[in-house]
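Structural characterization, general
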Amino acid sequence: MLLAGHKRSVLVGVVLLGVLGVESAAAAALETSRRAVVIAITSFAGERLPTAEADGRLIANTLQEADFDVLLIQDPESKNLSETSQKIEEHVNGSEVALLYYTGVGALRDNDVVLQPSDAVPSSKGKPEALTVGSLTKTLRKGAGAAILVLDGIPAPLITGERLTRSVSPLRSGVAGGSAVDGVILSYSGAVTAPWVSGSTGANGIFATVFANAISQRGVSLQQMFREIRRNVREVTRGTQVPHTAGDVALDLVLRPEVEDPIASLQRPSLDQILWTLIKDSADPADFSLFQETFPSSLLVERVVARRIALSSGKAESVGTLTVTSGSASDAQERDAGRLQSLAFGVSVDRAPPVQVRTWPSVLPDTPNGLATLSTRCDEVAGDPDDPMRLSPGIQWGLVNMRLAARTCLLELVRDPDNRRLMYQVGRILDMLKLYTWAESYYRDAARLGYSAGYAKLAYLHMTGRGRPVDMAAALPYLKAGAELGDPRCRTDLGFAYLKGYGVERSTDEALLWLRLAAASGWPNAMDILANMYLEGIGVEEDPKAAIELFQASAWVGNTNAMSSMGRRFSEGRGVKRDPAMARIWYERAIAAGNAFAPLYLGQMYRDGDGVRKNTARALELMMLSAERGFGEARLRIAELYEKGRGVSRDLEAAAFNYMLTDYQSFEHPVQPEFMQQAKERLTVVMAKLSDRQSAAVRRRVDEYIKLNGLPGR
């Protein structure tokens, strides 16, 4: 967010600097000396930063549970910067793994980021003694040898952010040769606005929530973690925020190695066993007191009591210490964590419904027998926005605060064990935690009681291969059962399965029936599929005008692909009179909603001067946005600009880099085969013109990009 009157000021929600051993084994990681510093700026220039305190506390608690000794510094002031720097240096000195997390406000200055103290005036003119990313990196590397920096909230175009990653002082030597400085990784959240402007899950900001969830996972390497954070943030913000990471790809480590857990092998553990599995690494004695109160007869009580006593005495294993200085030690994470804001973030990846239907009060009205008597705290912190039987706007997958939701929903299910909605929501939490067998059992319980979303999730487990091979035939019975109950997701997916012949004999007639049922109930995804069927004459007579009606209906209730399709129809004059101005309006609406295709199509209009003033710089910026949102064809078009020097300086290395990524980038939105072939052919031509050194630099850069920003799991 650009603060009023200071165009170069930026919000830097998080800065994480860490020292991670190279090629470390999981067992060695457990023995590594770990230190972390968290700096939280809770107010700046008289303006309160609503999520800063809770974000700092959330990350501090999560790092402590990952066996880091954490120093939490709240609201350092200008007069204390030297003292703050000294505290950081003393805390991390001699550690093998060191992290520094900063939440607050920052400003760009001389290819570096100045981290403003709480009493600073927002300005790009920082003082020499200011805390900067560069100076803090040197401090940590002096004490521990390597640094990982994560900047959350820098509101700059992605191309600017990419340039920043190659110019900030710790990475400066990576500009010319293309190789990163040893032991340094820079990652930024890609935010375009401040978290209190763009929305959040409640007490915590979007990036902090996703980041904390990622750190909490066991058996996930550092690079896998960054890739997963990138994907989840991109999905939950519908592409309006796309994290990016660059640096030393030799730097990789499993932060929380897998440990043997007998309970994990159980097909259907009891609720006390599940809760123990989720809290056993907690650094908060209150978690274990609550367990004992809830399950006084559990066979695990002896272990629970022992853990609570060990934590209280400071002798617990596999957990770090937490020291708080210069501010309140109040537990902001537990206080009002996850409370819904007046505008809830209940949206889906491909749908951005009008804000009027997402408006939700933070406190429900005290109506006799009203909604407040039916909904629970679990609905607020873990409800599913795609669940037709939900009692809240819902929190999108990947944005649920797992620390809060797991405790809240499990305890509420203990109090109300026959509540099918709670069963479903507990299943969803376990699914997010990748405990697929346990999740399936709770989805089944909810489905048996007639909860249609349970069938949708059971089908999805098989459709996407979550904890099992992909098997559409196995998904079909669940889709049919959910479709009979009226679930719009099941009806849409069932119709699409018949349309494509996925797991069932292909039948466009049968597909039309289910898609029409889903569309008639207002489900925008079904309308979008039907629109394409009418546009291409698939199973129906070709009717572009009917397609336009369906695209428009789907777009008005939030389907971003339909918005982009409306833009293409006006651009082509298919079904409507050609109108580039209207095409631009629809593309811009789709872009604002996070669509991946629209930026490329609008970028091509600016590239060609089609209905707009020709502007190749704007075209390149939009194409970069499309590529970062996961559309591979955009990489092809960017490469063409660099190869031909069309509106940009001719750069064959940049062309080769983007041609090479066309194939890999297409994992979310497949590229047409002819475009893939074109990219491969042009790559061969371009690489032949590069020297061996240049070719090696391109391959190294692609390798770095894929390892740090590619698809999770690869």
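First things first, this report covers the structure right here in the doc. (Residues numbered from 1 in each chain as written. Predicted model: local features only at pLDDT ≥ 70, side-chain atom pairs only at ≥ 80, totals over all residues. Heavy atoms only, no water.)

Across the sheet, three strands lie side by side as E10-E11-E12; this open sheet has mixed pairing. Both outer strands of the open sheet, strand E10 (147-151) and strand E12 (244-247), are each paired with one neighbouring strand and no more. Between one strand axis and the next, the sheet turns through 10 degrees on average, direction left out of account. Of the strand pairs in this sheet, strand E11 (residues 184-188) and E12 are connected by four bridges, and their pairing is antiparallel. Across the sheet, residue Leu186 finds its bridge partner in E12, namely Ala246. Lying over the sheet, helix H4 (residues 133-144) contacts E10 and E11, oriented at roughly 150 degrees with respect to E10. Across the sheet, helix H31 (residues 692-709) lies against E11 and E12, angled at about 130 degrees from E12, the strand it touches most. (Pairing = 2+ DSSP bridges. Helix = DSSP H or I, 4+ residues; strand = E, 2+ residues; numbered from the N terminus. Axes fitted to C-alpha atoms, helices over the stretch in contact; angles between N-to-C directions. Contact = heavy atoms within 4.5 Å.)

With that settled, consider unusual backbone geometry. Positive phi, normally seen in glycine, also occurs at Asn369, with a value near 60 degrees. Within the element layout of this structure, Asn369 appears in the loop between helix H13 (355-358) and helix H14 (377-382). Despite not being glycine, Lys434 shows a phi value in the positive range, around 65 degrees. Mapped onto the fold, Lys434 is located in the loop between helix H16 (420-432) and helix H17 (436-448). For Lys434, a relative accessible area of 37% corresponds to the partly exposed category. (Buried < 20%, exposed > 50% of the residue type's maximum accessible area, 1.4 Å probe, protein only.)

With that out of the way, let us pick up H16. Compared with an ideal rise of 1.5 Å per residue, which puts 13 residues at 18 Å, H16 spans 19 Å between its outermost C-alpha atoms and is within 8% of the ideal. Taken across its 13 residues, H16 has twelve buried, putting it largely inside the fold. Within H16 the residues assigned to the buried category are Arg421, Leu422, Met423, Tyr424, Gln425, Val426, Gly427, Arg428, Ile429, Leu430, Asp431 and Met432. Two or three places before Arg421, at the start of H16, stands the capping residue Asn419, its side-chain oxygen 3.0 Å from that residue's backbone nitrogen. Positive backbone phi, at 65 degrees, marks Lys434, one or two positions downstream of H16. (Expected span 1.5 Å × (residues − 1). Polar contact = N/O pair within 3.5 Å; in protein donor to acceptor, adjacent residues only side chain to side chain.)

Attention shifts here to the packing of helix H9 (residues 222-236) against H31. Where H9 meets H31, the closest approach of the two axes is 6 Å, and the angle between their N-to-C directions is 75 degrees. As the angle between them shows, H9 and H31 are arranged roughly perpendicular. Here Gln223, Phe226, Arg227 and Arg230 of H9 lie close against H31, whose contacting residues are Tyr705, Ile706, Lys707, Leu708 and Asn709. (Parallel < 35°, antiparallel > 145°, perpendicular 65-115°, else oblique.)

Here we come to the state of the cysteines. Two cysteines joined by a covalent bond between their sulfur atoms form a disulfide. Tallied over the entire structure, the rule returns one disulfide. Covalent S-S linkage joins Cys378 and Cys409, the inter-sulfur distance amounting to 2.0 Å. Handedness here is read from the sign of the S-S torsion; for Cys378 and Cys409, about 100 degrees, the answer is right-handed. Taken together, the residues span a long stretch of sequence, with Cys378 in helix H14 and Cys409 in helix H15 (residues 402-415) at a distance of 31 residues. For the residue pair Cys378 and Cys409, the accessibility class agrees, reading buried in each case. (Disulfide = S-S within 2.5 Å.)

In this structure, Leu63, Phe68, Phe211 and Met225 are the most contacted members of the largest nonpolar core, which totals 172 residues. Not counting the four nearest positions on each side in its chain, Met225 is found in contact with Phe211, Ala214, Ile215, Val220 and Leu255. Ranked by size, the runner-up nonpolar core spans 24 residues in total, among them Val37, Leu100, Val133 and Val184. (Core = buried A, V, L, I, M, F, W, Y, C linked by side-chain atoms within 4.5 Å.)

The next subject is the packing of aromatic side chains. What the rule picks out here adds up to eleven aromatic pairs. On the basis of an interplanar angle of 65 degrees and a centroid distance of 6.3 Å, the ring pair of Trp276 and Phe288 is categorised as edge-to-face. Placement of the pair is Trp276 in helix H10 (residues 271-279) and Phe288 in helix H11 (residues 285-294), with a sequence separation of twelve residues. Just as Trp276 is buried, Phe288 falls in that class too. Put simply, the rings of Tyr587, Phe597, Tyr601 and Phe631 pair up and form one aromatic cluster. (Phe/Tyr/Trp six-rings, centres within 6.5 Å; stacked < 30°, edge-to-face > 60°.)

The next thing to look at is the side chain of Thr245. By secondary structure assignment, the location of Thr245 is in strand E12. According to the relative accessible area criterion, Thr245 is buried, its value standing at 4%.

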